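Listed below, chain by chain, are the residues.
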Amino acid sequence: MPDRAYLYPIDPELIPGARNGINVCLRLKPQERITIITDTATREIAAALQTEVERVGSDYSLFVLEHHTRRPLKFMPEMILDDLARSQVSIFAAQTQPGELPARTQMTSVVNSHKIRHGHMVNINRQIMLEGMRADFVKVDDLSERLVERAREAERIICKTPHGTEFEAELSPKLRWLKTSGIITRDKWGNLPGGEIFTAPMNTNGVFVVDGVVGDYLCERFGDLESNPLTIEVENNRIRSLKSENKDLRDEFRAYTSTDENSNRVGEFAIGTNTACTHVIGHILQDEKIPGVHIAFGHPYAEHTGANWVSKTHIDCVGRDFDIWFDGEQVMR
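Residues numbered from 1 in each chain as written. Predicted model: local features only at pLDDT ≥ 70, side-chain atom pairs only at ≥ 80, totals over all residues. Heavy atoms only, no water.

> Can you lay out the sheet that holds strand β17 (residues 329-332) for me, pointing to particular residues and giving the numbers?
Taken together, the 7 strands give an open sheet; going across it, the order is β12-β11-β10-β6-β5-β16-β17, and neighbouring strands pair in antiparallel fashion. This sheet does not close on itself; its edge strands, each paired only once, are β12 (238-243) and β17. Between one strand and the next, the sheet's axes are offset by a mean angle of 25°, whatever the strand orientation. Across 5 bridges, the pairing between strand β10 (residues 203-210) and strand β11 (residues 230-235) is antiparallel. Paired with Val207 across the strands is Glu233, a residue of β11. (Pairing = 2+ DSSP bridges. Helix = DSSP H or I, 4+ residues; strand = E, 2+ residues; numbered from the N terminus. Axes fitted to C-alpha atoms, helices over the stretch in contact; angles between N-to-C directions.)

What follows is the structure, given as structure tokens:
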């Protein structure tokens, strides 16, 4: 059975971000059904989302993962997947644990096949609810739309930072650009807070200095990398070398990107567009939305981008202070 009861008093500071998520980003209607998937660590935020769902008046189910299976997840429980398939809208608001990406992929496969408007709030925390989730997502969507239209025409994007990044992406019209601006549609589920455009690049080369954050479960462990960045040299879309004063970061990143034959391959090239995100906070969910470039190694969201390869892993890499050029024309300074 789903879990219905509140486990915490509702924090009023969480309500504006929750209301933004339910009403603006997901546009939940009273006649629709929503599935909320959370965990014990994130139950307070889920409770705020739950109150907003009740205010709208929609039918819903709420699942706390630890009540239905052991963590880390080996698979997403069938009860949750079955419930999800009955909904028009869904939210995953929970913390990551090592090895859980395949379980989340099971969930997003149901989302994709049933064209559910899904808000993905992996590792959401209170600070993100008070910052990135309070963005004016209508304005973020407008900026994202203008930028993605230009990106779709570009053949080459170059980005540089004062900290050593000099990185070039070659693009193909056969590989689609996606907009995940926070306004979520049936066509593509999106992270919340939203605010990015991305594609699977045809090829990439150069040096990318990760002095923001890295993704997945490594993010929580290593946090803000400004004082100990990870420098990645990429040649023909694959990692050629890794350097960092933080040997644990370097070694764990190398192990992660050695999981399968495509774990070290650049699967995502993205530009953040959430203007409410102004500084690195050490959490990938928000930091990848900062206006600037981030790349990811591993799964290229092939089901959306049209890439002809896959990976079991996906790890984002965020830098700071970007200049960006589309076919020689500067679009960010």
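> Explain the pairing of strand β15 (residues 314-318) to me, and be specific about the residues and the numbers.
Most of β15 sits inside the fold, with 5 of its 5 residues counted as buried. Residues His314, Asp316 and Val318 line one face of β15 and the alternating positions Ile315 and Cys317 line the opposite face, and both faces are buried. (Buried < 20%, exposed > 50% of the residue type's maximum accessible area, 1.4 Å probe, protein only.)

> Provide a residue-level description of the packing of helix α1 (residues 15-25) against helix α2 (residues 43-56), including the pertinent values.
Packing of α1 against α2 leaves a shortest axis separation of 9 Å and a crossing angle of 55°. One element, α1, and the other, α2, form an angle in the oblique class. The chirality of how α1 crosses α2 is right-handed. Contacts between α1 and α2 involve Ile15, Ala18, Arg19, Ile22 and Asn23 on the former and, on the latter, Ala48, Leu49, Thr51, Glu52, Val53, Arg55 and Val56. (Parallel < 35°, antiparallel > 145°, perpendicular 65-115°, else oblique. Left-handed = near helix turned anticlockwise from the far one by under 90°. Contact = heavy atoms within 4.5 Å.)

On their own, these measurements won't tell you what the molecule is for.
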